[in-house]
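Reading the structure
What follows is the residue order along each chain.
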Amino acid sequence: MPTVIKLRKGLNIKLAGKAEKILLPEVAVTRFGVRFTDFPGLVARLEVQEGDRVMAGSVLFHDKAFPEVKYVSPVSGVVREIIRGEKRVLVEVVIEQEGSEKIDFGAADPLKLTREELMAKLLQSGLWPVLRQRPYHIVASPGAVPRDIFISAFDTAPLAPDIDFALTNIHGGHLQTGINVLSGLTTGKIHISEEAGGSRATEMMNLKNVVFHQFSGPHPAGNTGIQIHHIAPVSKGEVVWTVDLQDVVAIGRLFDTGFHDRERIIALAGPGVLHRKYHRIKPGASVSGILKGNLAEGNLRIISGNVLTGKKISPDGSFGFYDNMVTVIPEGDYSEFLGWAEPGLKKFSYWRTFVSKLIPRKEYVMDTNLHGGHRAFVVSGHYENVLPMDIYPVHLLKAIIAGDVELMENLGIYEVAEEDFALCEYIDPSKTEIQEIIRSGINLMIKEMN
Amino acid sequence: MNFLLKRMKKIEPLFEKGGRFEKLHSVYDGFATFLFVPDKVTYRGSHIRDHMDMKRTMTVVIIALIPALLFGSYNIGLQHTRAFGINDWTLMNMFWFGFLKLLPLIIVSYVVGLGIEFIAAQIRGHEINEGYLVTGMLIPLIMPIDVPLWMLAVSVAFSVIIGKEIFGGTGMNILNPALTARAFLFFSYPGWMTGDAVWIEGLTKGGGLDGFSGATPLALAKLDGFSQMPSAMEMFIGTIPGSVGETSTVAILIGAFILLVTGVGSWRIMLSMTLGALGMGLLLNATGGNEYTQIPAYYHLIMGGFAFGAVFMATDPVTAAQTNTGKYIYGALTGIMVVIIRVFNPAYPEGTMLAILLMNVFAPLIDHFVVNANINRRLKRVKTA
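Along each chain, the written sequence defines residue order, and numbers are assigned to residues from 1. Here every chain gets a letter starting at A, and every ligand a number starting at 1, in the order they are written. The predicted nature of this model means local features are confined to residues of pLDDT at least 70 and side-chain atom pairs, given and counted, to a pLDDT of 80 or more, with totals for whole chains, interfaces and linings taken over all residues. Hydrogens and waters are ignored; side-chain quantities use all the structure's heavy atoms.

1. Describing the pairing of strand 8 (residues 77–84) of chain A
Residues and elements named next belong to chain A. The line we're drawing: One bridge is not enough; two strands pair if DSSP finds at least two bridges between them. The numbering of helices and of strands both runs from the N terminus, where a helix is a DSSP run of H or I of at least 4 residues and a strand a run of E of at least 2.
Taken together, the two bridges between strand 5 (residues 53–54) and strand 8 define a ladder with antiparallel strand orientation. Across the sheet, Arg-53 pairs through a bridge with Val-78, a residue of strand 8. Inspection of the sheet shows strand 8 paired to strand 9 (residues 90–97) by seven bridges, in the antiparallel sense. Paired with Gly-77 across the strands is Gln-97, a residue of strand 9. Counting the residues in the hairpin turn of strand 8 and strand 9 gives five residues, including Lys-87, whose phi is positive at 55°.

Here is the structure:
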C-alpha cells in the first residue's frame, strides 16, 4: 500500500447540482468544432478551407512552431466555417458532420515499436495534443523527452465527474495499451494518483508499468500540478507530461484499432441543468444535443469544463478538447442591495464572515456575479491556504506583473498552471484575475526562453 | 429597493465619461456600489467568485473597533468627571459626554480622508478603496481627545497623501496610515500629543482639581511614579487616561475575538507580538537595569497602546509582513521593540507607535528573507538532482 500524501490546504466548493451516476447514450449532433483557444500559446497554420471534406482523423491545422503536431477532425464531414475574431485571429474550425469515414492509422502493438514510431503514430493521428507538459501546461513539445508522466485518477473540482465511473463505462480494454505507449515515450515512470480511500475501477486493478500514489484532501488535490509538486516537482530544465486518464484509453484505442476516437464519458452538472446525468460525447461535439430540453429557466451560463477553470460557451458551442464535464449555472447579472453587509445564510464562502460557516448547508446555488469590485492586493496569508504547494502565490503574481523573469523562475513558475491558482482567484476579496495573470506569466516565460 | 436601483441607474449616465458630472464618477460609483453590489459578472477565469469583497473585509474591522469606541466614549466622560470633581454623572451621562466630544474627531477624520480618497480615485480612474473606512475610524481612536480639529485634519491629509496615495494608494503603502497620522502630530506638535493634560477632555484649558494629574500609566512608569500607577485591573478594564480607544484591554480583546473568529485579523501577528513583549519584559525583569525594568512584564500588555496596536495596527495586512513565517518574526520583533523603546528611551514614554512603524519599514525585508529561503529550497533541488 503506498503512503497517503495528505493535503490540508484547499477548499471544496459546495456547488449544487451534482450529476447522478446514470450514463445516457450518445446524442447525435451534426455541429462539431475545434477551438484554438483550447490550446493556450498555440500559433496555428490552417490546412483546410471552408467547404473541404474531412474524415475523422483528417488534419485541420498544425502548430507553426512544431509542424509535426497536427490537430485533426473528430468526425467526418464538411468544414462549414472557420471562425475568426478580432484582428482575424483564429477562433474555431466548425465541421458539419456527414457520413462516418475515418482514417485508419493502423493498429500496432506499442511494446514492439520504438519511441520514434510511437511518436510518429501519435503525431500523425492527431492524438499528440492530449499530452501536455509542465512547465507551462501546454501541448507537449515533441523535442523533449519527459522525465516522468503523471496521470490523475480523480477530479476534485466542483461537481467533477467520477473518473472511476467514466472508466468503467467507456468502451474499454485499451487502458493498458495506452500505458504501454506512454512507457515507451518516457525514460522515467508513469505516476497515477488516486484518491485515498477511494475505490479502484476494475480497469485499473491489474495495470502494469505504473506507480500508484494516494492523495487525500480538498480541491485542488486532484490537479496533476499539485500531485507532481508532491511526488517529484519540476525543476528548471526538466520536463514532465500530464495526460487525462480517458485520453490514455484513447491512445490505447488508437494502437489497438488504428482509429482516432476520443469518445469520453462526461458529467452534465450544475444548478442550471434539469436532468444531471453522465453522457457519452466526442470532444468538439456541440453541447446542444445534451442540453436540449434540459436547461432551467432564466439567464444561464454554459461552461465547458468546471466552474473554476472552464470556458464559457454558447448553447450550441463545442465541447472543449480537454474537458470532462459541462456545467450550467445562473448568470449573476443582478444588483444586490447592501449585499456586502448581508449575514449570508445562503452564501457559500471560504471566509468565516458568513453565517453559512456556522450553519453550513449541504450545497449552495452559485452564480457568475463578481460579488464586488477590483482592488489592489490587500489581504495576506489566505491565498496560501487554498494552494497546497510550497509556493508564495502573491509574490509570484507580483513578479509576473512586474515582468521579472528571473524572479518568476525562482518562485516556481515552472511548476504551476492557471488551474492550480483557480481557488486563489475564487476566494480573492480584491477580485484579481489571478488565472489570467498566471497564464500571461507563462506566456512571457515561453517568449523569453525561446 | 427596486425603486432606488432604478433611480440610481437613471442618473448613472450623468457620471459616465462625457456626462455632466463625469468628474464625480468615483463619488457616484463609491455610493452606488455601497448601496448595491453591482451586477458585474465574471468574464474570464473562475466563473464563480466568493461573496467576500473589500467592503465586507473592512466592515468586519470596523465592527471589531466598536467595543473600543464605546468604551473610549465612556472613558472620556469618566476621566473628565475625575479631573473636574464631578460626582453626579451617571454612566449614560459620561458616555454621552464622551461620545459628543469624540464625534467631531470622527467626522473630521472621515470627511478629510475620504475626500482625498475620492479625488485620488477620480484622478487614477480607480474605484474607491475601502481601506480608509478603517483608517478613518482608527485615527480618532489613537488621538488624545483634546487634539485640535485642524491638527487632526492636517495629520489625516498628511497620512493619506504622503503616507498612502503617493505610493499608489491602498495596498501599496509602506507605513500604516493611521499611525503615520499620529506620528506626524507626535513630531510636529508634541505639546498636544504628550504630557499629562491632553488625555483628559478640557484639562488643557485648565480648571482641573488641585493636585490632579492626568498622567498615563506609561508616563508614571517613566518618571518612577510607580506608587501612583493604577492597579492592573484598572489598566485591564481601561478606566485610565490615554488615547481614546487604547485604554481598555477588555474592549480591545472583544475586537480581537471578532477579528480572529472571522479570520480577518492575523492571529500569528497578535500572538507573536504579545509573546515578544512578554518575553522582553521577563528578560528585563531578570536582568534589571533601572527601576522601570522591574515592573511586572504583563503590565506592558495592558499599559498604553500595546493591545490596540497589536490587534488593530500591527495586523494591517498591507504594511505587515505578508508571509506566514514572516508574520511571526515581524510580530515578535514589534513586541520586543515596544518594550525596549518604553523602558530605555529617555524621551518617549510610549513605544507601540514607533515600534510598529519601524517594523512596517522592515516587513518587506523580513518577507524577502522568508521568500529567499523558498527560492533556495527550489534551487537546491536543481543542484542535488
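2. Observations regarding the interface of chain B and chain A
Going by this rule: Here, two residues are considered to be in contact whenever any of their heavy atoms come within 4.5 Å of each other. Two parts placed together each lose some accessible area under a 1.4 Å probe, and adding up what both lose gives the buried area. Throughout this description, the term salt bridge denotes a Lys or Arg side-chain nitrogen within 4 Å of a carboxyl oxygen of Asp or Glu. Here a polar contact means two N or O atoms within 3.5 Å. Within protein one must be a hydrogen donor candidate and the other an acceptor candidate, and residues neighboring in sequence count only if both atoms are side-chain atoms.
Counting from both sides, the interface comprises 62 residues of chain B and, opposite them, 76 residues of chain A. For the chain B and chain A pair, buried surface summed over both sides reaches about 5900 Å², with 55% attributable to carbon and sulfur atoms. Across the contact surface, chain B and chain A share eight salt bridges. For B:Arg49, the salt bridge goes to A:Glu425, with nearest N and O atoms at 3.8 Å. Remark: the boundary between chain B and chain A carries 39 residue pairs in polar contact (both at pLDDT 80 or more). Among the elements that line the side of chain B that touches chain A, the one with the most residues is helix 16 (residues 352–384) of chain B, at ten residues.

3. Observations concerning the packing of helix 4 (residues 91–124) of chain B against helix 5 (residues 131–141) of chain B
Residues and elements named next belong to chain B. For the record, the criterion: Axis definition: a line fitted to C-alpha atoms, over the contacting stretch in the case of helices. Angles run 0 to 180 degrees between N-to-C directions. Each crossing gets its hand from how the near helix is turned against the far one by less than a right angle, where anticlockwise is left-handed and clockwise is right-handed. Only Asp, Glu, Lys and Arg are considered charged, only Ala, Val, Leu, Ile, Met, Phe, Trp, Tyr, Cys and Pro nonpolar, and every remaining residue, Gly among them, polar.
Where helix 4 contacts helix 5, the axes come no closer than 9 Å and their chain directions differ by 145°. Our pair here, helix 4 against helix 5, has a crossing hand that is right-handed. For the pair formed by helix 4 and helix 5, the contact residues are Leu-102, Leu-105, Ile-106, Ser-109, Tyr-110, Gly-113, Leu-114 and Glu-117 on the first element and Tyr-132, Leu-133, Gly-136, Met-137, Ile-139, Pro-140 and Leu-141 on the second. Taken together, the residues of the contact of helix 4 with helix 5 sort by class into eleven nonpolar, three polar and one charged.

4. Things to note about the sheet that holds strand 17 (residues 278–281) of chain A
Strand-to-strand pairing in sheets goes through backbone hydrogen bonds, with the strands running parallel or antiparallel. Residue and element names in this part refer to chain A. Taken together, six strands build an open sheet; the order of strands is 2-17-16-20-18-19 and the sheet is mixed. Each edge of the open sheet carries a strand with a single partner, namely strand 2 (23–24) and strand 19 (311–313). Relative to strand 20 (residues 325–330), strand 18 (residues 300–304) runs antiparallel, the two sharing five bridges. In the strand pairing of strand 20, Ile-302 is matched with Val-328.

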